[in-house]
Amino acid sequence: MKHLFSFLFLGWVLGMATPTRGQQPEPQRVSVSLQQAHFAELVREIEAQVPYRFFFNPAAVDSVVVTVRAQQQPLPEVLRQALQNTPLRFAIDAQNRIYVTRGVTIQTELPDSFFQPEPANALASSPDPADPVPATSRAGSTSAFKLYEIGTGSATGKATLAGHVREAKTGEPVVGATVYVEALNAGTSTDQFGFFSLTLPVGRHEVKIRGIGFKNTRRQVLLRGDGKLDIETEEDITTLREVVIEAEKDRNVASLQMGVERLDVKTMRQVPTAFGETDVLRVVLTLPGVKSVGEGNTGLNVRGGATDQNLILFNDATIYNPSHLFGFFSAFNPDVIKSVELYKSAIPAKYGGRLSSVLDITTRDGNKKKFSGSGGIGPLTSRLTLEGPLVKDKSSFLVGGRSSYSDWILHLLPNESFRQSSASFYDVSAHLSHEFNEKNTVYATGYLSTDKFRLASDTAYKYLNQNASLKWRHTFNNKLYGVLTGALSRYQYDITSQRDASVASELTYQIKQYNAQADFSYLPNAKHTVDFGVSSVLYHVSPGGLTPVGSESLIKTDVLPREQGLESALYLSDRIDVSPRLSVAVGLRYSLYNALGPREVYRYVPGQSKTLNTLTDTVAYGPGRVLATYHGPEYRFSARYSLTAVSSVKASFNRTRQYIHMLSNTTAMSPTDIWKLSDANVRPQVGDQYSVGYYHNFRANTIEASVETYYKSTKDFVDYKGGATLILNRHIETDIVNAVGKAYGVEVMLRKLTGKINGWVSYTYSRSLVQVNQGTPADQVNGGEYYPSNFDKPHDFTLIGNYRFSRRISSSLNFTYSTGRPITLPLAKYYMGSATRVYYSERNAYRVPDYYRADFALNLEGNHKVKKLAHGSWTFGVYNLTGRKNPYSVYFKSVGGQIRGYQLSIFGQPIPTVTYNFKF
Amino acid sequence: MRRLLFPLSGYLVLLLAVGSCVQEYLPEVINSTESYLVVDGFINGQGVSTIRLSKTVHLTTQNGFPSETKATVAIQSQSGQRYPLTENEPGVYVTASQQLPANEQYRLHIRTAGGREYASDYTLLKHTPALDRFEGQIQANGLQIYVSAHDEQAQTRYYRWEYEETWAFTSAFRSTLTFDGQRVVPRTENIYNCWRTQNSMAINTFSTVRLSQDAVRDYRLLFIPASSGRLQSLYSLRVRQYALSAEEFDYWEAVKKNTENIGTLFDPLPSQVQGNVHSLTDPDEPVLGFVGATTEVSQRLFINRHSLPPDWHSRNEGYESCTELDTFPSQTWRGWTLQEYFADPQQRIPVGRVGPRYTAQSPQCVDCRVLGTNVKPSFWP
């Protein structure tokens, strides 16, 4: 009921209210059953049963009809039910009087602190960090009217106010909420822990808190010295209109970051998908500058970068294969995810190791107040998530699982080879958080995903992601906190082939990564935000092993030697608010990579193409010996200049270095791709990106417009010689070439965040070109000229539109268009070896047909009663509404001596889906 | 509304029909007027070397592949020996049967009639080991042909096989009569029993590099389904085995990837396959083909219908539509003379005589020479 308090009807209250504190008598119970009855009937019923009197303006309640069914329920509950779909609000005072008003609620009491500040208020804490924190502050401040006195000390100067913003119901931190003082034009936003720190002049302030998913609120603060203010926000139950993409309304214009997209899970849920399940990566793919080679593929190409150039973090642990089932599903359970952030140009100095982007996926923290759950039933998968407190208000758990029943479906299909096939997957995520005290919190996350599939019964594929991370967050004082993270990631696959007993074999691959990092944030004053830290990653790669299966197998065991590498980095960055108009962020990351033994390293004739003919020497390195070292600075710079209150210009420059490369000679990202570490023969990739953007908000920040341009150059990224062998290759360097890449583009985006119609429209023009111009002519691709990369799709248009019919019914329409991806086409045919064969064009000289697709979804929500067993919602969707046969792959085959071209469309017709989601 | 939203809290009816499909893809014709030289063949260290020179054509061309005629072709050894080839049919150049000295590098040199010069890279003459086993094995639904070979010196490592299938077959109807232009007379030439020969189109290669011995065990060369028309009486298979260099093996693997293995989700991209023949006139001119130097080992196998399971019923392939005979004279042909009826031998051929009437059918059903030859192959028993 408290969420209805929004207005203080002062005169009324002053005249009649006697403050009553704490001891509300047990409310009377009533039984009422009315169907579409006049309001006056409700009044008669209740007044007849209990000694309460109604007060209302007859004109205001005229024509209001109510429906209620209650058996011996508390009076307030009955009233709430009865009035929930009407414009009427009610309030009950201590004298058993019920005030019914239209639109606004009457405040029947004055705030405790109405007449005088209360210095002894529990929310105030002393500036000394060693002092014990009053136990009552756990609950956080909840009143918008009470005056909180913070700190003790001088009456002049500045003081720092810090604290956490948490959800009142679950105790989860609120990320990206804006905490600001409007009068001073000073503000900040909460970080991933819900933490904020704001330096203000001492004195009295009204601190406003604004964000998504909760009701905007404010706190009256009398700031005397440094201190803490924890804020609890109320869940915004009645509104369903959040399609908010960014936390702050003016973030588009006012934030320093450029090339950052933050997606909230609520936004992601609205986007229709092929299998009815919210898919994080598929929503990311609708953002400007993010592309994929084809549908049913979650390999991201961010601003012309390759699919291996994205750092995908799941609570700070690196995920190597973010997809399930050939890429039709992303490997993340939507129910455990809180938000996804994609950095595509100004990558914070904290992150490194990949060239193009960082995709930071964070899970929710679990409900700290009560046990709850959610889940969904879809056509191919089902999922269930449970969460709850372990120690109330201090620690919580969150466990989510998802499993497919695609095996069962495959067996239903009327096709022999489908029936012999199998495909299944599951994933489990678990997250624990525990707050030891105000200053120390520990977070632990575990993640496991497994996929198995077998194609037409002879070859079985299996792959596995395992991740764990442990984070300890320590607050030193209001201005400094640090996070210590340890993480472990493992990815492995094996392919078993058993068709021929004499060559039955198992091929395995594995990469393990151990991370340790310490990150600190220091907020010395309102003008600076300093981040610094150190990190180290140890890699172990088992690049492949072939072992015989069965006693008849003639396969010789062939295990490639393990590769090791250590990547370390130091970083320091400072965000400086030079003036209210100008902010700059400067950062430097210095990374150092050591390829470690034991290893045998081949030496080749310098300056010549690396082939077995130019191999001159083999050098053996002992365990732990450094066989190659690469290091270099990575510059991170960004600046924002506000032109007006609603428009700004931003610029950034970024350098990134990458020491690990994915080897794949297929266009699509495949689970059998190999990750290779830099070594004496494979240099790290280095990329530079320059970008400039203009941002403008219209109509009171409800419409955001942005134009970003970028130019990117990359060197030493991996490309392949024609017909390269990547699996079980002991001298892979002879099959790969160092390529130079350049990419440039313009991204235009228009977003409307609120209203019945909301969504976004984006258009991107971009190019991504590759050049292989070194070594002998045989090594060069296309004669050493620039050629389009596999994912060069110049035009891209996306529309995500949502229309809300009512609070319960909303619909979503998506439209995507993009230029077809490049392809190498057959040019001529010839006759050789008794068959007609094809002579292919230069690499990527042509394009497949353009891609377009429209999807539609309808979401039906259950009623919005706060208290009920489970909240359910249905999603009905149609994927590929027009049934366009978009080519997933185009290929040519020699059939009976004839060369024929085929295109495979995976979703060649409209695909209807139904999903039921629930929450309890 | 509530009832609509929450039907029986049970499972959903799955509406999904996976809509994947494969369609023919015909990109706009790539109108390159370029035509490149194609060199097909190998330098045979022991016997006749046969090299075919042809040109590439557009993908859409229906006609055959033009031959490169009147070229001067020769095998050259690195030590300066020259072994000329002569053109015995258009575009086909052969040497005399000869033995080339071993442990020597050879290449093929071509000068076209247009004066352009081409040469393959020098390559060491390889020796092909003997076949260990070459036989068919009866399986549930057909005949699997295996080939095995090994090299004790472990010098071969890369193998390639080509095969040539020959089988005896009959047309749908045995014709005992022929029309000489005026009358129907007894037929003397047998156009009922024929032989058909077909070369392998698939590329069969195998490498023993990853095996502990240089031995190929039961390589699956070919599978003949039980219902195949090839197994209707006597079937013969001749396999030719070649040892390859690593480069030639890679070349064939690349050709195989480009033309046979493309189509599943994870197959590699096609690539421009580089052979070992280069233009000496213009280094940028693409030349297709790989000329290796090796010896040939061949073996022939016969499979008789009697040795196969009696319940295998082979379809008479190519004659599925030949079900009935036409009769003349008959109601259908009222008013036609015999001369008119048999005037066009492409339309119908007399088959037999039933009382006063002739039976007839199209040459596609009667004349086996449409699909093969009625000249018995020299090796046929």
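Residues numbered from 1 in each chain as written. Chains lettered and ligands numbered in written order. Predicted model: local features only at pLDDT ≥ 70, side-chain atom pairs only at ≥ 80, totals over all residues.

A. Quick peek at the overall build of chain A. Along chain A, the regular secondary structure elements total nine helices and 57 strands. Burial status across chain A gives 45% buried among its 920 residues. In chain A, the share of contacts with a sequence separation of at least 24, taken over all contacts with a separation of at least 6, comes to 66%. (Helix = DSSP H or I, 4+ residues; strand = E, 2+ residues; numbered from the N terminus. Buried ≥ 20, exposed ≤ 12 C-beta atoms within 10 Å, placed from the backbone. Contact = placed C-beta atoms within 7 Å.)

B. Expanded view of the overall build of chain B. A tally of regular secondary structure across chain B gives four helices and 28 strands. A burial count over chain B gives 33% of its 381 residues as buried. Excluding contacts between residues fewer than 6 apart, the proportion of contacts in chain B whose partners are at least 24 apart in sequence is 68%.

C. Molecular detail of the nonpolar core. One finds Val39(B) and Tyr159(B) to be the most contacted residues of the largest nonpolar core, which totals 83 residues. In terms of residues, this core owes the most to one element, strand 16 (residues 158-170) of chain B, which gives seven residues. Residues Leu287(A), Ala317(A), Ile361(A) and Ile660(A) belong to the second largest nonpolar core, which totals 50 residues. (Core = buried A, V, L, I, M, F, W, Y, C linked by C-beta atoms within 7 Å.)

D. Up close: the confidence of the model for chain A. All names here are of chain A. With 82% of its residues at a pLDDT of at least 70, chain A reaches an overall mean of 79. Under a pLDDT of 50 for its full length, residues 1-24 has, in the predicted model, 30 contacts with residues more than four places off or in other chains. Every residue in residues 237-249 scores below 50 in pLDDT, and together they form 39 contacts with partners more than four places removed in sequence or on other chains. (pLDDT = per-residue confidence, 0-100.)

E. Spotlight on helix 4 (residues 75-83) of chain A. Taken residue by residue, helix 4 of chain A has Leu75(A), Val78(A), Leu79(A), Ala82(A) and Leu83(A) as its buried positions. For helix 4 of chain A, the arc enclosing every buried residue in end-on projection is 115°, short of the 170-degree limit, so these residues lie on one face. (Arc of directions from axis to C-beta.)

F. Structural view of the sheet that holds strand 50 (residues 826-832) of chain A. Taken together, the three strands give an open sheet; going across it, the order is 51(A)-50(A)-6(B), and neighbouring strands pair in antiparallel fashion. Each end of this open sheet is capped by a strand with a single partner; those strands are strand 51 (835-840) of chain A together with strand 6 (57-58) of chain B. (Pairing = 2+ DSSP bridges.)

G. Representation of the sheet that holds strand 11 (residues 203-210) of chain A within the structure. Residue and element names in this part refer to chain A. Taken in spatial order, the five strands of this open sheet run 6-12-11-8-9, and their pairing is mixed. Taken across any chain shown, the strands that pair with only one partner, and hence form the sheet edges, are strand 6 (147-150) and strand 9 (186-189). Each strand of the sheet is rotated relative to its neighbour by a mean of 25°, with strand direction disregarded. Pairing between strand 11 and strand 12 (residues 217-223): seven bridges, direction antiparallel. In the sheet register, Val-207 faces strand 12, and the bridge partner there is Arg-219. (Axes fitted to C-alpha atoms, helices over the stretch in contact; angles between N-to-C directions.)

H. Here's a closer look at helix 2 (residues 39-49) of chain A. Residues and elements named next belong to chain A. Here helix 2 has its buried residues at Phe-39, Leu-42 and Ile-46. Angular distribution of buried residues about the axis of helix 2 spans 55°; they occupy a single face of the element. Considering only its buried residues, helix 2 is in contact with strand 1 (29-38), helix 3 (58-61), strand 3 (65-74) and helix 4.

I. Fine view of the environment of Tyr463(A). For Tyr463(A), the location among the structural elements is in strand 29 (residues 459-477). Residues Tyr463(A) and Gln510(A), spaced 47 residues apart in sequence, show a C-alpha to C-alpha distance of 9.6 Å.

J. Broad picture of the environment of Ala82(A). Structurally, the position occupied by Ala82(A) is in helix 4. Ala82(A) has contacts with Leu42(A), Val66(A) and Val68(A), leaving out every residue within four places of it along the chain.

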